[in-house]
2 protein chains.
Amino acid sequence: MYYSQHLSCICMPHAVLLQPKRSWSSSHSNAGKRLGHCTQVPRNVNLEKLRSGYLFPEISKRESEHMQKNPHASLLRLGIGDTTEPIPDIITLAMVEHVRGLSTILGYRGYGAEQGNMALRKAIAEKLYQDMGIKADEIFVSDGAQCDISRLQMLLGPNVTVAVQDPSFPAYIDSSVIVGRAGELEEETGKYENIIYMNCGPENNFFPDLSTTPRTDIIFFCSPNNPTGHAASRQQLKQLVAFAKANGSIIIYDSAYAAYITDESPKSIFEIPGAKEVAIEISSFSKFAGFTGVRLGWSVVPKELLYSNGFPVIKDFNRIVCTCFNGASNIAQAGGLACLSTDGYQALRNVIDYYMENANIIVDAFSSLGSNVYGGTNAPYIWAHFPGLSSWNVFSEILEKTNIVTVPGRGFGPGGEQYIRVSSFGQRERIIEASRRIKKFLR
Amino acid sequence: MYYSQHLSCICMPHAVLLQPKRSWSSSHSNAGKRLGHCTQVPRNVNLEKLRSGYLFPEISKRESEHMQKNPHASLLRLGIGDTTEPIPDIITLAMVEHVRGLSTILGYRGYGAEQGNMALRKAIAEKLYQDMGIKADEIFVSDGAQCDISRLQMLLGPNVTVAVQDPSFPAYIDSSVIVGRAGELEEETGKYENIIYMNCGPENNFFPDLSTTPRTDIIFFCSPNNPTGHAASRQQLKQLVAFAKANGSIIIYDSAYAAYITDESPKSIFEIPGAKEVAIEISSFSKFAGFTGVRLGWSVVPKELLYSNGFPVIKDFNRIVCTCFNGASNIAQAGGLACLSTDGYQALRNVIDYYMENANIIVDAFSSLGSNVYGGTNAPYIWAHFPGLSSWNVFSEILEKTNIVTVPGRGFGPGGEQYIRVSSFGQRERIIEASRRIKKFLR
């Protein structure tokens, strides 16, 4: 996944001289080796600000290094949250039928609407936003939540302020940096200047202290949370909506794991009255339907959501979707429609239940070590606390002792230090084996 | 395709008072009707600058209006360049097999590499960039060229200057405006401030006069060109590469229609020696394989392409792909691989030949009117000249007299005035019928 660092790099020495502080070349051993053509196009300063490695490629690299040292190790990957169970037949059959049709005059389909097929938009509105007053034309089908995050960033542009939960899924911050909202990364705190980090941990029931949170234009909020696994309660979300309304903020609410909620926690921000005036929701079929590789998601942009000048956000988002996107694959959309049929939905519930049984097994294993363990009841992630320890050290220790890949909490922001995230996606026997190794080797 | 304009809009009157000049509400009849909550988030000024309608939705709207007035008209759509012929069986069978596998333990696939499956990257490098020295890891598989254009815009950021062919595919300019490179739209000229328009017409053999073209950081160049249908000659592309090298510019070369080239014109910018130091190429399976709805494309970012400080562009693009994208659908990628097999490729050549026979028929029809007709030999687009006439008027006249939808050249920039673009994608009998109507009703 990680693009090789070993590029044949050739730089003009004057670049080193001209840009001694910021230049990539200045710290690079190849500088001055062989002269090559450099364009006169400046590197985007926003990309220069990004910390060097994206989290998952970095983990992937460490995993490879581990395997080089231990070529016979039986690795168990509970790191990246990647679905493992086959997609129910009823859903793949719908996709097969669609694909077969593409070879026929009657079944062939070219460009669809950039916003998605209306049948799918309707099904999402009816099945997942029942009684919330969300209309089909407020739903924009996408190729996944991560992709929509970056389209939303293009929509909002560089001149808005932003708050994120800490810890949180890295794409919110990284894409905010890319569009130019952040200052420098402060090495000491691990935080970017100009971005507000809202700490969420057990001490505040994983919900930020809004009384001390500064106003920002945008608030990224993920529930059930990745990585902590916490699903915000109705009371917490009411506070969040009231806070956004009082501050004139827009919440970008990520509900990609909503299908994993087992208690009464809201599955959508739009269950909260008034949310349509303050929130956009992004979501995905990835974890709900095992579509991580098939690629399908959606965003909800209510018509009631207005910029400060009264202009509807939905109109600009529609423009972004038409200009920067060309619709999700029509095959994936055919599958998405089948996911929302009565039988498809039930089949997916069974898969989700399976993953949640896995989660129970992992929670038990870490609990038996005496760790404080969070998550795993409303989300497929377990968030295990190792007080006083560095999360990368815990990650390495677990990898070395058990050959299990996890994710160091620090990768989700400074608030994730002392934690690791464990994914419950996996085949049962591998989860049981992971549990055995955790209990045996980490005591 | 076009999001309805009839949104229930409610604005706070103070917004009108506070922003009398720029506010959308100030010119809106609903202002002051009913008070609703406005956030305090400012609308992105870059989106405010965009002209109101994206071209294809605007055409779609006019088409709908025409059909409301003429409900029984037999409409022939030769407007938007959308493929119509079934995808050859050999390609859909590969996708069917992949989809079936997703319901099995062995065949299930979750996240793939963000950059695309290596087998597909290799096949693209070997089949389409043979003898050009492009390596598999310089190829990034995407969900289409239009999507990659916007990712390239995020990569390069707002602080670069840009030149585009005039006329050109609207996404280059629109996405440049969205990321913040343009000044205001000058109503008189129809051009954005700070964007260089390189006129391309029959007077300069559809190639810009580089001796009078100012230096820019980025040069968007599309060949075979959409809309003019002109494929740049080897000599022209050598000039372009030399120009970019002398100026330290980066060419973003769009080869989405390369498969339609029938003469000796280069099918890739990388056929030109030295191009790897100055160019990125974007391309697509959309028109090559009828994948407009399946969604698959790629970009080539050579390792030799360096920013002014010597940093390789490919490293930043890789970061953009990992942060803002999550890979193309694995089903589409399975299809893409089949497209590049010997038999798949041959089957696609037959489809392309079919469309090019359509192009001949349309060229003949417009030529018989005495029009000067361009394109149609190396591209599926015909570019017909109506000297002295407004292209929207020609569009309307053709629609009214023949019930044929075309595209007014003006939609591709000021340089497209007096032209219309006609697509040759269509079933043969419809193309023949279009030809008949053109000859009969437009004389």
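Definitions and limits used
Residues numbered from 1 in each chain as written. Chains lettered and ligands numbered in written order. Predicted model: local features only at pLDDT ≥ 70, side-chain atom pairs only at ≥ 80, totals over all residues. Heavy atoms only, no water. UniProt positions renumbered as here; feature names shortened; annotations may be inferred. Helix = DSSP H or I, 4+ residues; strand = E, 2+ residues; numbered from the N terminus. Contact = heavy atoms within 4.5 Å. Buried area = accessible area lost by both parts, 1.4 Å probe. Salt bridge = Lys/Arg side-chain N within 4 Å of Asp/Glu carboxyl O. Polar contact = N/O pair within 3.5 Å; in protein donor to acceptor, adjacent residues only side chain to side chain. Nonpolar A, V, L, I, M, F, W, Y, C, P; charged D, E, K, R; others polar. Least-squares fit on C-alpha atoms with pLDDT ≥ 70 in both. Domains from an automatic or database assignment. Phe/Tyr/Trp six-rings, centres within 6.5 Å; stacked < 30°, edge-to-face > 60°. Buried < 20%, exposed > 50% of the residue type's maximum accessible area, 1.4 Å probe, protein only. Lys NZ or Arg CZ within 6 Å of the ring centre and 35° of its normal. 1 Å grid on protein atoms, 1.4 Å probe; cavity = no way out; pocket = protein on both sides within 12 Å on 5 of 7 lines; lining within 4 Å. Points joined across faces, edges and corners; volume = space filled by probe spheres on them. Pairing = 2+ DSSP bridges. Axes fitted to C-alpha atoms, helices over the stretch in contact; angles between N-to-C directions. Expected span 1.5 Å × (residues − 1). Arc of directions from axis to C-beta.

Engineer: Would you explain the UniProt feature "domain: Aminotransferase class I/classII large" (unreviewed entry) in chain A in this entry?
Structural biologist: The sites that UniProt annotates as "domain: Aminotransferase class I/classII large" (unreviewed entry) are residues 76-433 of chain A. Along residues 76-433 of chain A, the helical share is 36% and the strand share 16%, with 9 Å between the first and last C-alpha atoms.

Engineer: How should the interface of chain A and chain B be read in this particular structure?
Structural biologist: Interfaces are often sized by the accessible area lost when the parts come together. With 115 residues of chain A at the interface, the matching set in chain B holds 114 residues. Roughly 10,200 Å² is buried in total at the junction of chain A and chain B, and carbon and sulfur atoms are behind 59% of that figure. Counting the contacts that link chain A with chain B gives four salt bridges. In this structure, D174(A) and R319(B) form a salt bridge, with 3.3 Å as the shortest nitrogen-oxygen distance. Taken together, chain A and chain B are joined by 46 residue pairs in polar contact (both at pLDDT 80 or more). For the side of chain A that touches chain B, the elements supplying multiple residues, two or more each, are α4 (89-101), α6 (145-156), α7 (170-178), α8 (234-247), α10 (313-324) and α11 (330-339) of chain A. Looking at the side of chain A that touches chain B, the element that brings in the most residues is α10(A), giving nine residues. Looking at side-chain class alone, the side of chain A that touches chain B contains 53 nonpolar, 40 polar and 22 charged residues.

Engineer: Sorry if this is basic, but what is going on with the relation of the copies chain A and chain B here?
Structural biologist: Superposing the two chain copies requires a rotation about an axis and a translation along that axis. Taken as rigid bodies, chain A and chain B are interconverted by a rotation of 180 degrees and an axial shift of 0.0 Å, the fit giving an RMSD of 0.0 Å. Considering both components of the superposition, the chain copies are consistent with a two-fold axis. Scanning chain A for the C-alpha nearest the rotation axis identifies V96(A), at a separation of 2.7 Å. The fraction of interface residues of chain A whose copies in chain B are also interface residues reaches 99%, indicating that both copies meet through the same surface.

Engineer: Explain the domain arrangement of chain A to me, please; I cannot follow it from the model alone.
Structural biologist: Residues and elements named next belong to chain A. Domain boundaries assigned for chain A yield domain 1 (1-43), domain 2 (55-86 + 348-441) and domain 3 (89-343). Summarising the inter-unit geometry, the C-alpha centres of domain 2 and domain 3 are found 26 Å apart. Both sides together, the interface formed by domain 2 and domain 3 hides about 2,300 Å², and carbon and sulfur atoms give 61% of it. Looking only at domain 2, the three residues that lose the most surface to domain 3 are L348, N378 and F412, adding up to 30% of its buried area. For the pair domain 2 and domain 3, the interface holds zero salt bridges. The interface formed by domain 2 and domain 3 holds twelve residue pairs in polar contact (both at pLDDT 80 or more) in total. Elements with a minimum of two residues in the side of domain 2 that touches domain 3: α12 (342-368), β11 (372-375), β12 (381-385) and β15 (419-423). Considering each element in turn, the side of domain 2 that touches domain 3 owes the most residues, five residues, to α12. Tallied by class, the residues present in the side of domain 2 that touches domain 3 amount to 14 nonpolar, nine polar and four charged.

Engineer: Which parts of the structure should I look at to understand the packing of aromatic side chains?
Structural biologist: To describe a pair of aromatic rings, you give the distance between the ring centres and the angle between the ring planes. A full pass over the atoms with the stated rule returns 42 aromatic pairs over all chains. For the ring pair F221(B) and Y253(B), a centre distance of 6.2 Å and an interplane angle of 10 degrees mean the geometry is stacked. Taken together, the residues F221(B) in strand β7 (residues 218-222) and Y253(B) in strand β8 (residues 250-254) connect sequence positions 32 residues apart. Grouping residues by exposure puts F221(B) and Y253(B) together as buried. Through successive ring pairs, a cluster of aromatic residues spans Y257(A), Y260(A), Y354(A), Y355(A), Y381(A) and F425(A). Residue placement shows R151(A) over the ring face of F325(A); its charged tip is 4.0 Å from the ring centre. R43(B) extends its terminal NZ or CZ atom over the ring of F311(A), reaching a point 3.6 Å from the ring centre.

Engineer: For this particular structure, what's the right way to read the layout of surface pockets?
Structural biologist: If a probe as big as a water molecule is rolled over the atoms, it shows which places are left empty. The calculated volume of the largest pocket comes to roughly 1,000 Å³. Put simply, the parts of the chain that give the lining of the largest pocket at least two residues each are α4 and α11 of chain A together with α3 (55-69) and β1 (76-77) of chain B.

Engineer: Teacher, can you tell me more about unusual backbone geometry here?
Structural biologist: In most cases, non-glycine residues show a negative phi, while peptide bonds are predominantly trans. Residue and element names in this part refer to chain A. A cis geometry characterises the amide bond from D166 onward to P167, with omega recorded as 5 degrees. Within the fold, P167 resides in the loop between β3 (162-166) and α7. Positive phi is not limited to glycine here, since R295 has a value of about 75 degrees. One can find R295 in the loop between α9 (286-289) and β10 (297-300).

Engineer: Help me understand the sheet that holds strand β9 (residues 279-284) of chain B in this model?
Structural biologist: Residues and elements named next belong to chain B. Strand order in the open sheet made by the seven strands is β2-β10-β9-β8-β7-β3-β6, with mixed pairing throughout. At either margin of the open sheet sits one strand with a lone partner, and together these are β2 (139-142) and β6 (195-199). Going from strand to strand, the sheet's axes swing by 20 degrees on average, the running direction of each strand aside. In terms of strand pairing, β2 meets strand β10 (residues 297-300) through four bridges, oriented antiparallel.

Engineer: What exactly am I supposed to notice about the side chain of T228(A) here?
Structural biologist: Residues and elements named next belong to chain A. Structurally, T228 can be placed in the loop between β7 (218-222) and α8. At 3.2 Å, the side chain of T228 and the backbone nitrogen of H230 are in polar contact. Those residues in contact with T228 that lie beyond four places of it in its chain are P167, F206, Y374, G375 and W383.

Engineer: Would you mind showing me how to read helix α13 (residues 391-402) of chain B here?
Structural biologist: An α-helix turns once per 3.6 residues; consequently, residues spaced three or four apart project the same way. Residues and elements named next belong to chain B. For α13, spanning twelve residues, the distance from its first C-alpha to its last is 16 Å, which sits close to the expected 16 Å at 1.5 Å a residue. Along α13, the positions that sit buried rather than exposed are S391, W392, V394, F395, I398, L399 and T402. Seen along its axis, α13 keeps its buried residues to an arc of 160 degrees; they face one direction. Pointing more than 90 degrees away from the buried face of α13 are the exposed residues N393 and E400. Tucked inside the fold, the buried residues of α13 contact α3, α12 (342-368), β13 (404-405), β14 (407-408), β15 (419-423) and α14 (428-441). Positive backbone phi, at 60 degrees, marks N403, one or two positions downstream of α13.

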